[in-house]
Amino acid sequence: MFDKIAKQNILNVGAYVPGKPIEDVKREYGLERVIKLASNENPIGVSPKAVEAMKKYIENLNLYPDGYAYKLREKLSKKLEVNMENLIFGDGTDEVIEMLFLAFVNIGDEVIYGWPSFVEYKRYAGIAGAVSKEIDLTDDYKFDLDEISKSVTEKTKMIFICNPNNPTGTIVKKEDVEKFIKTVRKDVLIIFDEAYFEYAKDDKNYPNSLDYQKMGYRNVITLRTFSKAYGMAGIRIGYGVADKEIIDILERVRLPFNVSVIAQAGAEGAIDDDKHIDDSIRINEAGKKYLYKEFERLGIKFVKTYSNFIYFEMKNAKKIFEEMMKKGVIVRQMGNNNIRVSIGLPDENEQFIKILEGVMKK
Ligand SMILES: Cc1ncc(COP(=O)(O)O)c(C=O)c1O
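Rules of the game
Residues numbered from 1 in each chain as written. Predicted model: local features only at pLDDT ≥ 70, side-chain atom pairs only at ≥ 80, totals over all residues. Heavy atoms only, no water. Buried < 20%, exposed > 50% of the residue type's maximum accessible area, 1.4 Å probe, protein only. Helix = DSSP H or I, 4+ residues; strand = E, 2+ residues; numbered from the N terminus. Pairing = 2+ DSSP bridges. Axes fitted to C-alpha atoms, helices over the stretch in contact; angles between N-to-C directions. Parallel < 35°, antiparallel > 145°, perpendicular 65-115°, else oblique. Left-handed = near helix turned anticlockwise from the far one by under 90°. Contact = heavy atoms within 4.5 Å. Nonpolar A, V, L, I, M, F, W, Y, C, P; charged D, E, K, R; others polar. Domains from an automatic or database assignment. Buried area = accessible area lost by both parts, 1.4 Å probe. Salt bridge = Lys/Arg side-chain N within 4 Å of Asp/Glu carboxyl O. Polar contact = N/O pair within 3.5 Å; in protein donor to acceptor, adjacent residues only side chain to side chain. Near = heavy atom within 4 Å. Areas by Shrake-Rupley, 256 points an atom, 1.4 Å probe, with all protein chains shown as cover.

As annotated in an unreviewed UniProt entry, the protein chain carries the name Histidinol-phosphate aminotransferase and is attributed to Haliovirga abyssi.

Okay, structure coming up:
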C-alpha cells in the first residue's frame, strides 16, 4: 500500500547490497576463520596515530562535532594545497555523492558514467529520477572517454569518472583526460572519484584531478576517502574538493554535524601518518605481485590493477563465489563471469588462492 505514496522513481532502485559480514558467514557455515576480501578495505587496519587521536575524544562525545570540521579542514587544505573553502566532508564519500545529486540533479537530467563501475552512481541517479547513461568500458576495461564525450547532451548534468575504476582497477591516463576535459561544456560537472587515489598516485600516467582544478577547470570535482588506504572504512569519512561556488551549493544540502567527532579526530591523526600509507601501499604491491603470479599459474584471465583489488574472469562466478564463502573466503561476484577480490595480507591471499583452486577443480 505504501508503495503508492512512495516517490515512484525510488521503487525501481535496489537497496545497496554490501559484502556479507564475517560474523554472518561464520554463523551460517559454522566456520572458525573467515577472510573477507570483498569490500576493498585495508588489511593492515587503522593508522596507530589515528587510533591515538580518536581515543582522546572518546570521553567528550556529549558535545556535537564541529560542523565545519575546522581543524581537519585546515590540516587537509595544507596537505592538498587547496583553500579551506574548497573542501566538503561527508559521512564517507558516499555522502558527498549523495549531496551532489541532491544539489544539482533534477528529474530527467542526465548523468553519465562508465559501466561496470561503482554502483552508487546508478543508485543515486535512480533516487534523483535522473537518466543514467552507462557507457560500456573499452575492451581493456577502461572508461571510454571518447564515447562519454560523445554522449553529452543539453541535458547532461554530471559525468562520473571512477579513477581507478571499481571494480576493474584500471585508470584513464593523464593525456587522455587532458583531451577529454576540453571537450566537455563548462556547466557539466566532471566528478573524479579517486577513492583509491593513494594506490595509483605514483604512476606517471595517473592524472591527479586536483591539478585540473588548479589549472582553472571550475567544473572538475575530486572525491577522496579515508576508507581505503587510510584503513578507516568503519569510521566513515570522505571528502570532496571543488570550486568555492560548488562547495557553497553543496553546503545547503549537507546534514548538520554529518561527520562525527571521532571521525574528524581519526582523519586528523591519519593525515599525519605517511608511514601507514607507505606500508599499506607496499603490502598491497607485494600482494598484487603474488596474486598475478598465482592467477597466471591457474590460467585465470585478470585485469592489471592500479588499486587494492583485482578483477578476474571466472565462469559460473555465482557458484564459485558461493562455494568459496562456504569455505570461509568472501569475495565479490560481479555478474555471471567475473569476480573481484580485494588484496589482503600474505596469509589471506594464500588462503584465497588455495580455496579458489580447490573450488575450481570441483
Ligand atoms: C569508487 C568508490 N567510490 C566511493 C566509495 C565510497 O567510499 P566511502 O567509504 O568513503 O563512502 C567506494 C567504496 O567502496 C568506492 O569503491
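Following the structure, the description resumes.
Go over the pairing of strand β8 (residues 238-241) with me, naming the residues and quoting the values.
Of the two faces of β8, both are covered, the one formed by G238 and G240 as well as the one formed by Y239 and V241. Here strand β2 (residues 87-90) runs beside β8; their pairing, made up of 4 bridges, is antiparallel. Residue pairing in the sheet places G90 in a bridge with G238 of β8. Strand direction decides the pairing type here: strand β7 (residues 220-225) and β8, joined by 4 bridges, are antiparallel. Bridge pairing in β8 links L223 to G240.

I'd love a proper account of the packing of helix α3 (residues 70-80) against helix α11 (residues 261-271), names of residues and values included.
Packing of α3 against α11 brings their axes to within 9 Å, and their N-to-C directions diverge by 30°. As judged from the angle between their axes, α3 and α11 are roughly parallel. Remark: the crossing between α3 and α11 carries left-handed chirality. Facing K71, L72, K75, L76 and K79 of α3, the residues of α11 in contact are Q264, A267, E268 and I271. Residues that form the contact of α3 with α11 fall into these classes: 4 nonpolar, 1 polar and 4 charged.

Go over the domain arrangement of the protein chain, please, and point to the residues and values.
Often, the extent of an interface is quoted as the loss of accessible area on bringing the components together. Entries for the protein chain in the domain assignment read domain 1 (2-45 + 275-361) and domain 2 (59-271). With 28 residues of domain 1 in contact, the opposing surface of domain 2 contributes 28 residues. Surface buried jointly by domain 1 and domain 2 totals about 2,300 Å² across both partners, of which 62% is contributed by carbon and sulfur atoms. At the boundary of domain 1 and domain 2, one finds 0 salt bridges. At the boundary of domain 1 and domain 2, one finds 9 residue pairs in polar contact (both at pLDDT 80 or more). When residues of the side of domain 1 that touches domain 2 are traced back to their parent elements, those giving at least two are α12 (274-297) and β9 (309-313). A per-element tally of the side of domain 1 that touches domain 2 places α12 first, with 5 residues. Residues of the side of domain 1 that touches domain 2, tallied by class, amount to 11 nonpolar, 12 polar and 5 charged.

Any chance you could break down the sheet that holds strand β11 (residues 332-334) for me, citing the residues and the numbers?
Reading across from one edge, β9-β12-β11 is the order of the 3 strands in this open sheet, with antiparallel pairing throughout. Either end of the sheet is taken by a strand with one partner, and the two such strands are β9 and β11. Within this sheet the neighbouring strands show an average axis-to-axis angle of 25°, counted without direction. Set on the sheet, helix α13 (residues 317-326) makes contact with β11 and β12 (338-342); between it and β12 the angle comes to about 35°.

Explain the sheet that holds β7 to me, and be specific about the residues and the numbers.
Sheet architecture is open: 7 strands sit in the order β2-β8-β7-β6-β5-β3-β4, paired in mixed fashion. Looking at the sheet topology across the chains shown, the edges are occupied by β2 and β4 (131-136). Across the sheet, the axes of successive neighbouring strands diverge by a mean angle of 20°, strand direction being ignored. Two strands pair when backbone bridges link them, and strand β5 (residues 156-162) and strand β6 (residues 189-193) are joined in this way by 5 bridges, in the parallel orientation. Along β6, the bridge assignment pairs M158 with L189. Taken strand by strand, α3 contacts β2, β7 and β8, and its axis lies near 120° from that of β2.

Which residues make up the site of the ligand, and what values do they have?
Among the 13 residues in the neighbourhood of the ligand, the closest are listed as T93, D193, Y196, T225 and S227. Within the side chain of D193, a nitrogen or oxygen atom sits 2.7 Å from a nitrogen atom of the ligand. Surface burial for the ligand is 93%, taken as the share of its 390 Å² of free accessible area covered by protein chains. Of the residues contributing to the shell around the ligand, the split by class is 4 nonpolar, 5 polar and 4 charged.

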